[in-house]
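Residue-level listing of the chains:
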Amino acid sequence: MMNGNEEHWGIETRSVHLGGGYREETGAVVPPAYLTSTFESGNPGGFDYTRSGNPNFRNLEETLAGLEGALRTTVFASGVSAITAVVSTLSSGDRVVAEENIYGCTFRLFDQVFGKFGIEIEYLDLSVAENIESIGRRSPKLVWIESPTNPLLKVIDISAVADATHAGGGELVVDNTFASSCLQRPLALGADISLLSTTKYSNGHSDALGGAVCCASDEWGDKMVFAQKALGLQPSPFDCWLIQRGLKTQPLRMQRHCDNALALATFLETESGALAVRYPFLPSHPQHDLARRQMSGGSGIVTADFGMSLEQTVAFLDSLQLFTRAESLGGVESLSCHPASMTHASVPKPVREKVGITDSLVRFSVGVETVSDLIADLRQGLDKVRQ
Ligand SMILES: Cc1ncc(COP(=O)(O)O)c(C=O)c1O
């Protein structure tokens, strides 16, 4: 199947055909799931024990590396496992500069786990140019950003942060989960690592957990393989099988997520009476021009502040029929989330409020359903709660 032309293939072709090395062995069009914990010594694939490698890991790693433009990719049990693997490479006394709006569990890991081992974390608003310029003199070992951020959808200038990070001798990690490998390529913008919670858009069907570290160097690749094995952060082969199946339709799903989310954000901004609506491809987004330069679509997440009380906000979410109130995002089904009580509950309230995660903020993961049905559902929910 591989003929050396893969680099020139479009993203849809790469999503369907990369990671197909298994075919040479049996001709199977779809790979088997290798549900084995161990392998006979001296086998041609070089496998020994599934904690440090499995053919389903290899297939998925090849596909993700091709989509992200990475030299090496290592897969993990979840996005949080992938984050743990990267941060575990640091030593006591090392400094991390992190964007102040990051996923709540990343914050918790920095604050309550790695902080104990002497890793210093400094939080900055990296949508502000002077803060980016200050990175060099802070000499961080790693700079950690998400773009767009969870849940406020701030868009961070990846190239500018990469330049400032490298000038200070550090390396840049971009959590690419919200944008997905289809819409943004952090490594091509200068990042050293693009990290994914493959639980989300990569898999797309809310039925598996996974994470991946896609990197531009063998040095990082080797460190990640070591972390996978030494810390026991490996995924299950069956989850890798599911995620690789999900990746085949990711470009099609992302197209629909983007179209639906833009339509829904436009409805919310113009007709819902919300105080603020955030979506990277809405012209009112503060970093709209940057989003258009850096991403090929706005992705599927929309946030809105309806200016309602905590009780009213939760009642509104509970009145929706097509948006299930649930953690996570990036599946074909629409979900709603109340970050202050769900994904970011582990962030202390003063810290949450400082970065804009108020009690009335709502995050929608817009699915691939018929968009007029989604808008009608939001309309009935708002009418009900405002009666
Ligand atoms: C931006 C981001 N990074 C990482 C994670 C963690 O991924 P997982 O839940 O697969 O551990 C999440 C989960 O929501 C996320 O939103």
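Residues numbered from 1 in each chain as written. Predicted model: local features only at pLDDT ≥ 70, side-chain atom pairs only at ≥ 80, totals over all residues. Heavy atoms only, no water.

Comments concerning the pattern of salt bridges
Here's step 1: Throughout the structure, instances matching the rule amount to 12 salt bridges.
Here's step 2: In this structure, a network of salt bridges that share partners links the residues Glu-99, Glu-100, Asp-125, Lys-154 and Lys-354. (Salt bridge = Lys/Arg side-chain N within 4 Å of Asp/Glu carboxyl O.)

Regarding the domain arrangement of the protein chain
Here's step 1: Domain assignment breaks the protein chain into domain 1 (6-247) and domain 2 (250-386).
Here's step 2: One C-alpha centre belongs to domain 1, the other to domain 2, and the line joining them spans 25 Å.
Here's step 3: Counting from both sides, the interface comprises 42 residues of domain 1 and, opposite them, 42 residues of domain 2.
Here's step 4: Carbon and sulfur atoms supply 60% of the area that domain 1 and domain 2 bury against each other, a total of about 3,300 Å² over both sides.
Here's step 5: One can count 1 salt bridge joining domain 1 with domain 2.
Here's step 6: A salt bridge links Lys-354 to Glu-100; the shortest N-O distance between them is 3.2 Å.
Here's step 7: Linking domain 1 to domain 2 there are 21 residue pairs in polar contact (both at pLDDT 80 or more).
Here's step 8: Those elements that provide at least two residues to the side of domain 1 that touches domain 2 are α1 (11-17), α5 (104-113) and α10 (237-247).
Here's step 9: Residue contributions to the side of domain 1 that touches domain 2 peak at 4 residues, all from α5. (Domains from an automatic or database assignment. Contact = heavy atoms within 4.5 Å. Buried area = accessible area lost by both parts, 1.4 Å probe. Polar contact = N/O pair within 3.5 Å; in protein donor to acceptor, adjacent residues only side chain to side chain. Helix = DSSP H or I, 4+ residues; strand = E, 2+ residues; numbered from the N terminus.)

Concerning the sheet that holds strand β6 (residues 193-197)
Here's step 1: Pairing is mixed across the open sheet formed by 7 strands, whose spatial order is β1-β7-β6-β5-β4-β2-β3. Sheet topology places β1 (72-76) and β3 (120-124) at the edges, where each strand pairs with a single neighbour. In this sheet, neighbouring strand axes are inclined to one another by 20° on average, regardless of whether the strands run parallel or antiparallel.
Here's step 2: Alignment of strand β4 (residues 142-146) against strand β5 (residues 171-175), held across 5 bridges, turns out to be parallel. The residue of β5 that forms the bridge with Trp-144 is Val-173. (Pairing = 2+ DSSP bridges. Axes fitted to C-alpha atoms, helices over the stretch in contact; angles between N-to-C directions.)

Looking at unusual backbone geometry
Here's step 1: Cis peptide bonds are those with omega within 30 degrees of zero, and the linkage from Ser-147 to Pro-148 qualifies with -5°.
Here's step 2: Here Pro-148 is to be found in the loop between β4 and α8 (158-167).
Here's step 3: In this structure, Pro-151 follows Asn-150 across a cis peptide bond, with omega equal to 5°.
Here's step 4: Tracing the sequence through the fold places Pro-151 in the loop between β4 and α8.

Digging into the nonpolar core
Here's step 1: Core analysis: the biggest nonpolar cluster contains 58 residues, and Leu-268, Phe-306, Phe-316, Phe-364 and Leu-378 have the highest contact counts within it.
Here's step 2: For this core, the leading source of residues is helix α11 (residues 250-271), giving 7 residues.
Here's step 3: Both domains that furnish three or more residues to this core are identified here as domain 1 (6-247) and domain 2 (250-386).
Here's step 4: Look past the residues within four positions of Phe-364 in its chain and what remains in contact with it is Leu-268, Gly-300, Ile-301, Val-302, Phe-306, Phe-316, Leu-317, Leu-320, Phe-323, Leu-335, Ser-336 and Leu-378.
Here's step 5: Formed by 27 residues, the second largest nonpolar core is a distinct cluster that contains Val-86, Ile-102, Leu-142 and Val-213. (Core = buried A, V, L, I, M, F, W, Y, C linked by side-chain atoms within 4.5 Å. Buried < 20%, exposed > 50% of the residue type's maximum accessible area, 1.4 Å probe, protein only.)

Here we look at the pairing of strand β9 (residues 301-305)
Here's step 1: Of all 5 residues making up β9, 5 are buried, and the element is well covered by its neighbours.
Here's step 2: Both faces of β9 are covered, namely the face carrying Ile-301, Thr-303 and Asp-305 and the face carrying Val-302 and Ala-304.
Here's step 3: Both strand β8 (residues 276-278) and β9 contribute to a ladder of 3 bridges, which runs antiparallel. Bridge pairing in β9 links Arg-278 to Thr-303.
Here's step 4: Across 5 bridges, β9 lies against strand β12 (residues 361-365) in antiparallel orientation.

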